[in-house]
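Chain and residue survey
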Amino acid sequence: MVARARKPSFAELFTPKLVTILREGYGFGDLKADAIAGLTVAIVALPLSMAIAIASGVPPERGLYAAIVGGFLVSALGGSRFQIGGPAGAFIVLIAATVQQFGIDGLILATFMSGIILLAIGLMRLGTFIKYIPYPVTVGFTSGIAVIIFASQIKELLGLSLAQAEPGPIVPKMVALGEALPSLNPSAALVAALAIGLIVAVRRYRPQWPVFPIAVVLASLVAALLGLPVETIGSRFGGIPQSLPAPGLPAVTLDRIVELLPSALSFALLGGIESLLSAVVADSMSGRRHRSNAELVGQGVANMASALFGGFCVTGTIARTATNVRAGARGPVAGMLHALFLLLFMLVAAPLASYIPLAALAAVLATVAWNMAEKHEFATLLRASRGDAVVLMATFLLVVFRDLTEGILIGFGLGALLFLHRMAQAVEVDQPSPHGEDDEADTTEGRERTPYDAAFAADPDIVVYRISGAFFFGAAGAVAAALDRIGAQPKACGLASPPVPRPRPPPAATREGSARRPSRPKAPVTRAGARPAVRRALLMHGVRPPQVRFRANVADAMAALRSAEGTAPEDDSGIATGGAHQARE
């Protein structure tokens, strides 16, 4: 009898990753690496936090409060080793709408409520279900948010003056901005163009440098030295405080809670999605696995604490988390130190922030929006199938022209219907046989049966995995984990599956990731039994030679793998055609 693996206890499922790394052993070398990574991320987060706050319609120090308090607790209590928490561009639309309707006090209270909701979702272990959001929905709402963020920065990029408050909906916004074009400030446009040019140049020629601080500092110096008439943080907000405020909450009433509940639910939904997406990105870069429900618990506590200190909603940020991993972080201490470095910057250098032009911060957010828009994935989904294209465009258009929450919910509903339709199409009814499978003759159509090869099952250098069932976004993590648990370090790996529907983008990306992951041994991977439609879909998403080779059946795959041992992978580029896949930023 095979012993079943012991299920982790409740306490083990919610143990923060900080405790995990301390149990593993944490030394001075780890602390030094985390300090360098934390400083690197803090330098990137400083201008971003202020820019996101200003774009959301609140003073810049609110973004720093959120990054310091929320960022520290996301790392200290979360379920990801490398997650960096803080203000995210995805929240700009929701925060601006909440501030416009309920004021800053309403925003703080809604943030606190969203923390309670996230905490409850995590403790009830509902975070696992977030991964069932269809992939076209995540691409659609991310690209829609990018469009809205860019539109919100046009006023500052061009230094426009509006007769009335800038409208929130995108169509009236663009009409108002068009009417204000005669008020264009050439100096502001010049500063913004300089900052964008510096960002592009540094990313191309010195990608390891902290691009946003360099662009903001140089643009600020040019504006100050030349005396350009541009609006700055000091001229609009009067500077930034040099300390954190005392903790507290606005007045809480039942009526206030009821009217803020939709905003709090939107914050919690978007925060949960963004944080788990960011944790998955960190997993793919590091080869580790996060605890989704523990991560949501940490996010909930972080949002509650951020609200207590006057900040707004925080979540895991993909770009800063990726920077943390690339900078050599060893664990959550890097994220905690990033928050402490931000606090140090605020205590020491707050007066200098008054000289930062708003056009330079708008340039930072404009480039963030450009990188947020998943352009390659968007185009790939439009080509993949009509169903994916409908879900993608419905989500994208609703987010841009209607409402973020409405776009996610309707996109999720359409994606669920599309999945059910595809599963119904996948049912095949063969002619029944009363005695099961017919015996096979020794000779079939003039071909003799191939002798049994014991090496097929006993070769220690080759492992064959059979993947069956509906392979969609919810199963992608389980398959990736199984592929990562190949303990014998085989020289070759085979993936076999029965005839199944064409894989959707998430599983295709999972197979691409498992083949490309740097931490995997250099073992050739062969895919057996893939239908032409399946093969084309995999090739379209980057699952192609030499990382993965295709064979008609398991026997051919085994023969190819054994012949390839000790030799370079053969070129199978002529098997089929398909588009290349680009990794997300």
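Scroll up to find the structure.
Let me begin by describing the structure that accompanies this report. (Residues numbered from 1 in each chain as written. Predicted model: local features only at pLDDT ≥ 70, side-chain atom pairs only at ≥ 80, totals over all residues. Heavy atoms only, no water.)

Let us look at unusual backbone geometry. Unlike most non-glycine residues, Arg-125 shows phi in positive territory, near 60 degrees. Relative to the helices and strands, Arg-125 resides in the loop between α5 (92-123) and α6 (135-158). (Helix = DSSP H or I, 4+ residues; strand = E, 2+ residues; numbered from the N terminus.)

Below, the discussion takes up a nonpolar patch on the surface. Where nonpolar side chains cluster on the molecular surface, the patch consists of Leu-194, Val-217, Leu-218, Leu-221, Val-222, Leu-225 and Leu-226 and spans about 620 Å² of accessible area. For the nonpolar patch, the element with the most residues is helix α9 (residues 211-226), which contributes 6 residues. Topologically, Leu-225 is positioned in helix α9. For Leu-225, a relative accessible area of 72% translates into the label exposed. (Patch = residues over 30% accessible without salt bridge, like charges linked within 9 Å, V, L, I, M, F, W, Y side chains within 5 Å. Areas by Shrake-Rupley, 256 points an atom, 1.4 Å probe, with all protein chains shown as cover. Salt bridge = Lys/Arg side-chain N within 4 Å of Asp/Glu carboxyl O. Buried < 20%, exposed > 50% of the residue type's maximum accessible area, 1.4 Å probe, protein only.)

The next subject is the packing of aromatic side chains. In the structure shown here, the tally under the stated rule is 2 aromatic pairs. Ring plane angle 65 degrees and centroid distance 6.1 Å describe the contact between Phe-91 and Phe-267, whose orientation is recorded as edge-to-face. Taken together, the residues span a long stretch of sequence, with Phe-91 in the loop between β1 (85-86) and α5 and Phe-267 in helix α11 (residues 254-286) at a distance of 176 residues. Overall, the relative accessible area of 1% leaves Phe-91 in the buried class. Here Phe-378 and Phe-396 contribute two aromatic rings whose centre-to-centre distance is 5.3 Å and whose plane-to-plane angle is 75 degrees, an arrangement assigned as edge-to-face. Remark: Phe-396 occurs in helix α17 (residues 386-401) and Phe-378 occurs in helix α16 (residues 375-384); sequence separation between them is 18 residues. The ring of Trp-209 has Arg-206 lying over it, and the distance from NZ or CZ to the ring centre is 5.6 Å. (Phe/Tyr/Trp six-rings, centres within 6.5 Å; stacked < 30°, edge-to-face > 60°. Lys NZ or Arg CZ within 6 Å of the ring centre and 35° of its normal.)

Our next topic: the pattern of salt bridges. The tally for this structure, following the rule as stated, stands at 8 salt bridges. In this structure, Asp-30 engages Arg-330 in a salt bridge whose closest nitrogen and oxygen atoms are separated by 2.7 Å. One end of the pair, Asp-30, is in helix α3 (residues 28-55); the other, Arg-330, is in the loop between α13 (318-326) and α14 (333-349), and 300 residues separate them in sequence. Salt bridges sharing common partners tie together Lys-155, Glu-156, Glu-231 and Arg-236.

So, about the side chain of Ser-56. Turning to its location among the elements, Ser-56 is positioned in the loop between α3 and α4 (60-77). The class for Ser-56 is buried, based on a relative accessible area of 1%. Apart from residues no more than four positions distant in its own chain, Ser-56 is found in contact with Ile-92, Ile-95, Ala-96 and Val-99. (Contact = heavy atoms within 4.5 Å.)

Once that is clear, we can look at the nonpolar core. Ranked by internal contacts, the top residues of the largest apolar core, which has 74 residues, are Phe-141 and Ile-145. The dominant element in this core, judged by the number of residues it contributes, is α5, at 11 residues. Ignoring any residue separated from it by four or fewer positions in sequence, one finds Phe-141 in contact with Leu-270, Ile-273, Glu-274, Thr-395, Val-399, Leu-404 and Ile-408. One finds Leu-157, Ala-192, Ala-219 and Ala-362 within the second-largest nonpolar core, a separate group that totals 14 residues. (Core = buried A, V, L, I, M, F, W, Y, C linked by side-chain atoms within 4.5 Å.)

A separate point is α6. In this model α6 runs 35 Å from its N-terminal to its C-terminal C-alpha over 24 residues, within 8% of the 34 Å that 1.5 Å per residue would give. For α6, the principal kink sits at Ser-152 and spans about 30 degrees. Counting buried residues in α6 gives 21 out of 24 residues, a clear majority hidden from the surface. Positive phi appears at Gly-159, one or two residues downstream of α6, with a value of about 65 degrees. (Expected span 1.5 Å × (residues − 1). Bend = angle between axes of the 7 residues up to and from the residue.)

Our focus in this paragraph is the environment of Ala-353. Among the secondary structure elements, Ala-353 is positioned in the loop between α14 and α15 (358-372). A relative accessible area of 9% means that Ala-353 is categorised as buried. Distance from Ala-353 to Pro-60, taken between C-alpha atoms, is 9.7 Å for residues 293 residues apart in sequence.

Attention now goes to the side chain of His-338. Among the structural elements, His-338 can be located in helix α14. Among the polar contacts made by the side chain of His-338, one reaches the main-chain carbonyl oxygen of Gly-335 at a distance of 2.9 Å. Beyond its immediate chain neighbours, meaning those up to four positions away, His-338 contacts Gly-38, Val-41, Ala-42, Ala-45, Ala-67, Gly-71, Ile-84 and Gly-85. (Polar contact = N/O pair within 3.5 Å; in protein donor to acceptor, adjacent residues only side chain to side chain.)

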